[in-house]
Every structure is written in structure tokens, then in C-alpha cells.
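# Examination of the molecular architecture
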Amino acid sequence: MPPPLLIDLDSIDTDRVLYDRQFIYSRLPHRHEFEVLHGVCHLSDDPATGVAFHDCTEHDWWAKAHIPGRPIFPGVLLLEASAQLIAFVTRYVKREFTQFIAFGGIENCRFREAITPPTRILFITKIVEDRPRRVKGDVQAIVSGRVVFEARIIGLALPDAG
């Protein structure tokens, strides 16, 4: 049985874009193919939550190779998009925070369904632990109202390079 949603999506307009791709990546350092979030449609700091989306198409860079003839959205990109959403929400909640949040680990990961294009993937996160050098967030990916992925992702604040 799938878990309950971290956020009641009926209370959110998931078609409304609060922050577009350009704004997201003015706050996050990822570039090119790793700009995997296409928009943020919900942010809150009490509790620290966020909802973002990725519009998956058969023309995406990964689709011709993963898996030829039956493209499946890579699980590692589900993890990456979720980690980026956690980093974005952390920067929203802690506006003075400027450190890079690196992927630090994963707990309780479940892939429940294959995701095939074309579709919109919603990513939901709820920050469950926020320390000066570490953040943990529960994440879910939703397709057509179904939880297709869930995990707890750990982010580590890295000191500035230099």
C-alpha cells in the first residue's frame, strides 16, 4: 500500500509556477542536463515543505538510451531532482544560507512504478531535520496522483571552495 502524501496536493495549485527554472538555477549551481526541476509550485517555511515538477518528454537527453524503445525516467534523476528540491527549500527557509548542499545519503528508498514519457512528475518534500551542517527531507515523486518513488534524503552543507 502506498504511503500517504507528505502534503495535501488538493490544497495546492500545481499548475501555478511560483519559481521557474531560471530562478531555481540562479539559487542552485546545477547546469545543463542537471537542471532537472522545471518549476516550483509550492513553498512554505512552517512546516518547511515544497512541491516542484519536471515535465518528462520522449525527447529528453536520457530517453534514447534508458531504455531504447521503452524510455524509463532514470531512478538516479528522481533522487537528483528530490535532492535539489531539498536544497532549494532549505535556501528558502534559511535565506541567509549560501553553502552548497551536497548529496549526503539516502534512507528508506522505494521505487514503486516505472515513469515513462510524456508525463509531469511532481516532487514533494518535507524537511524533517535541519541542522547547521545537515538537512534531512522526506521526498515523494507523484505521477497521475500515484506515489511512484519515496525516500529520505540527507544533504550536507559543504564549506565554500577556495
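Up top is the structure.
Residues numbered from 1 in each chain as written. Predicted model: local features only at pLDDT ≥ 70, side-chain atom pairs only at ≥ 80, totals over all residues. Heavy atoms only, no water.

### Some remarks on the sheet that holds strand E2 (residues 39-45)
Working definition: the strands of a sheet are paired by backbone hydrogen bonds and lie parallel or antiparallel to each other. In spatial order, the strands read E1-E2-E3-E5-E6-E7-E4; together these seven strands make up an open sheet with antiparallel pairing. Every other strand in the sheet has two partners, leaving strand E1 (19-20) and strand E4 (100-111) as the edge strands with one partner each. Across eight bridges, strand E5 (residues 119-130) lies against strand E6 (residues 134-143) in antiparallel orientation. Pairing of Leu 122 across the sheet is with Ile 142, part of E6. Taken strand by strand, helix H2 (residues 75-93) contacts E1, E2, strand E3 (48-56), E4, E5, E6 and strand E7 (146-158), and its axis lies near 50° from that of E5. (Pairing = 2+ DSSP bridges. Helix = DSSP H or I, 4+ residues; strand = E, 2+ residues; numbered from the N terminus. Contact = heavy atoms within 4.5 Å. Axes fitted to C-alpha atoms, helices over the stretch in contact; angles between N-to-C directions.)

### Examining the environment of Pro 159
Its place among the elements puts Pro 159 in the segment after E7. Separated by 60 residues in the primary sequence, Pro 159 and Gln 99 have C-alpha atoms spaced 6.3 Å apart. Aside from chain neighbours lying at most four places away, what touches Pro 159 is Gln 99 and Arg 133.

### A few points about a nonpolar patch on the surface
A cluster of nonpolar residues, Phe 100, Leu 156 and Leu 158, forms a patch on the protein surface that exposes about 230 Å² of accessible area. Summarising the element assignment, Phe 100 is placed in strand E4. Owing to a relative accessible area of 34%, Phe 100 belongs among the partly exposed residues under this scheme. (Patch = residues over 30% accessible without salt bridge, like charges linked within 9 Å, V, L, I, M, F, W, Y side chains within 5 Å. Areas by Shrake-Rupley, 256 points an atom, 1.4 Å probe, with all protein chains shown as cover. Salt bridge = Lys/Arg side-chain N within 4 Å of Asp/Glu carboxyl O. Buried < 20%, exposed > 50% of the residue type's maximum accessible area, 1.4 Å probe, protein only.)

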